[in-house]
Structures are given as structure tokens and as C-alpha cells.
Amino acid sequence: MEKRATMHDVADLAGVSQATVSLVLNGVANSRISKATRRRVQEAAETLGYRRGQVHPLPADRTRIIGLFIDEATTTPMLGPLLEGARDEAALQDVAVAVFFTGGTQALEQAALDMLLAQNALGVIYSTLITREVTVPEYFSRLPLVLLNCYERKVRFPSAVPGDMVGGYIATETLIRAGHRRIAHLAGEHIVEAAVHREKGFRKAMERHGIPVDERLVTLGGWSIAAGRERALTLLSQPERPSAIFCYCDRMAMGCYEAAHLLGLSIPEDLSVIGFDDEDISAGLNPPLSTMVLPHDEMARWAVGQLLDDFEGLDADERLQKLKIECQFVDRESIRPPKA
């Protein structure tokens, strides 16, 4: 069988990242992707004969079902894109996605897996809502398996996670390119891997541009609006307050908005703010919040594609990878050059 062109092949030919290819071919609007880049990706896809949603030759004896295992059911905004991305990509191939919220409980996992095995399902996507390292129970090896938003230290299965460190770098560099030098970071909790990586990205960007990090402007711990408000009030009450703040998440950025209002400061005239996660409410803030998009939709689509590709003769080296998908910047109205 002739090898099918993959998204990776398109990215190589176009000279861009897989995330950029995913955004272009999925028709996702993004101001950072120029018309020339979009055209180059589309031409590369056409040259290689790649089509998003093309029909995969799946075995006739397999039931067209994929099991999506999720460790918890919460109101987190990350859940929707994971479910919708997997559902929409699978539907293009007339494949259904069965979702199992197991809480990581072995008995529930095994019961759901037994049902999928009895149905001779196509495979399993093992997912966590918080990006983290996992140890996948051996019983999952009975079906083709892809990890979503999690990974194993020793790579045994394909996995996709967000590029949080690069995202933190881009967020900070955006503020630097706007002219800011006194930049604060409202960090998350270090028990959360994403918080550690986003802070590393912040520090790398500052170092790359020769700007010393004022440790008094890096405040650790939190993820809520209240935590953002409390920490921002402390930062903004300093004699030499920051001109910009990079927040671990959008909820902390919302707290920054509240703190600025309480202190009589205007965003972005007196203070620039950038968040992370692109929660739905971010676009409705006054002013709309510039932020970074978590690529959960693209990650879920990729995971489904990996399972379907398993039946198309790809060798193990091509499948066995830990893919970091870029977080894209959404430019709204909360960033402006600092006052002279």
C-alpha cells in the first residue's frame, strides 16, 4: 500500500508546525497566520494529496467506535473542546465516540474496556483534564491506544499535550514586543505541570530579550479570580508597579481586571494584561482579553487520526511520539505600549 500523506508531511513541505497545519486545514481563524502561510500550507496539502477528513480504509470486522476515557467530569472549560474535537473528527469517518468518565477507578475502566472489546472497537483514547504524566494500566494495551493531554515517561503510546512552555514564551514576548519591560507574572501552583512550564516560558522570554526578572513581580500560587485579584492588588500597590502582567490563566486575569478597577487603573492604558486558556468569558470582558488558546480541539482530532492511521500501515516509529501542539495567541484589546 502506498503510504498516505500525513499532517506531519504537510508541515515539513510547507515549513511550518503541525499546529499551524491543523489550524489552516480546519479553517480556524488566527491572526498570527499570514495569508502567505495559509496559501503555502494549502498548496503543500494539495501537492501531497492530503485532505482533512479523508476516508480511512478501516477493517470490516471492526465496529466503528472509539472509546474516550476521561479521568474526571468537571465544569472545566477544557472538557468541551476535547469532546467536540474527538466527536467531529471521528464523525468525518462515520465513527462514533463513546465517552467514559471513570474517575481513574480500575473497576470502571475495566468494565468499559470489556464492553469495547466485546464490540471489537477501533481503539481507545486515554485522557486527563489536567496535563500530567500518567502510568497507563496494562489492561488498556488490549486495544490500540492513544494518550490525550497526558503522557508516560517511557513512551509506549502516541500522546499529544499542549506546548505550555512555548505558550508562556509567546505570551511574554508579546508584551515585550509591545514595549513593556517591567512585566509581572501571576504564576499558578507548582504542583500543576502547566504552571511550571508557563513560568519557564516567561523566564526564557525575559532572558532571551535581556530583561532581568524582578522576583518581586513573580507571585506564586492560584488559579481563581479571587487569587488573581489578591495578587494583582499587591503587585499594583507597589511604588514601581508593573506595566504589564502575564497571568497563568484567564481567571487570574479576570482578577487583575477587578484589582485594576479598584485602584482606579485602566486596561490597557495603565496596565496591559494577557491570560491563558481562552475561556469563553474572556472575549466578553471590558476590554476583551488577549490570551493564549489551549489546542484541545486539535489535540483530540490528532488523537482520533492516530487511531485511524493505525489501520493504514504506518510503522511504529512514525506512530510512537509525544507531540506538543502549539498554543496560539489571540490578539484582542488588553495590550498596549506602556505610557512614556
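This text goes with the structure placed above it.
Conventions we followed
- Here the residue numbering is sequential within each chain, running from 1 through the sequence in written order.
- In keeping with the model being predicted, local features are shown solely for residues with a pLDDT of at least 70 and side-chain atom pairs are shown and tallied solely at 80 or more, while totals for entire chains, interfaces and linings include all residues.
- As a rule here, side-chain values cover all heavy atoms of the structure and leave hydrogens and water aside.
- Strand pairing requires that DSSP identify at least two bridges connecting the strands.
- In this text, helices come from DSSP runs of H or I with a minimum length of four residues, and strands from runs of E with a minimum of two, each type numbered from the N-terminal end.
- Axis definition: a line fit to C-alpha positions, over the contact stretch in the case of helices; interaxial angles, taken between N-to-C directions, run 0 to 180 degrees.
- Aromatic pairs are defined between Phe, Tyr and Trp rings, using the six-membered ring for Trp, whenever the two ring centres lie within 6.5 Å; interplanar angles under 30 degrees are classed as stacked, those over 60 as edge-to-face, and all others as tilted.
- Think of it in three bands: residues with accessible area under 20% of the maximum for their type are buried, residues over 50% are exposed, and the middle band is partly exposed, with areas taken using a 1.4 Å probe on protein chains only.
- Whether a charge lies above a ring is judged from NZ of Lys or CZ of Arg, which has to be within 6 Å of the ring centre and within 35 degrees of the ring normal.

1. Digging into the sheet that holds strand 1 (residues 63-70)
With parallel pairing, six strands are arranged side by side in an open sheet as 2-1-3-4-5-11. Edge strands, defined here as strands with exactly one partner in the open sheet, are strand 2 (96-101) and strand 11 (322-325). Recorded for the sheet is a direction-independent mean angle of 20 degrees between the axes of neighbouring strands. Pairing of strand 3 (residues 121-133) with strand 4 (residues 145-151) involves six bridges; the strand directions are parallel. In the strand pairing of strand 4, Ser127 is matched with Leu148.

2. A closer look at the packing of aromatic side chains
Counted by the stated rule, this structure contains five aromatic pairs. Each ring, one from Phe69 and one from Phe100, has its centre 5.1 Å from the other, and the planes form 35 degrees; the classification is tilted. With a gap of 31 residues between them, Phe69 in strand 1 and Phe100 in strand 2 connect regions that are remote in the sequence. Pair check on accessibility: Phe69 and Phe100 agree, each one buried. Between Tyr139 and Phe140, the ring centres sit 5.3 Å apart and the planes meet at 35 degrees, which makes this aromatic pair tilted. Three or more aromatic residues joined by ring pairs form one cluster here, namely Phe69, Phe100, Tyr126, Tyr139 and Phe140. The ring of Phe276 is capped by Arg198, whose NZ or CZ atom sits 3.8 Å from the centre of that ring. Sitting over the ring of Tyr151, Lys322 keeps its end group 3.6 Å from the ring centre.

3. A look at unusual backbone geometry
A cis amide bond, omega 10 degrees, links Ile267 with the succeeding residue Pro268. As for its position among the elements, Pro268 is in the loop between helix 9 (250-262) and strand 9 (272-274). In this model, Asn286 is joined to Pro287 through a cis peptide bond whose omega is 0 degrees. Relative to the helices and strands, Pro287 is located in the loop between strand 9 and strand 10 (291-293). For Asn120, which is not glycine, the phi torsion reads 55 degrees and is therefore positive. With respect to the helices and strands, the residue Asn120 is situated in the loop between helix 5 (106-118) and strand 3.

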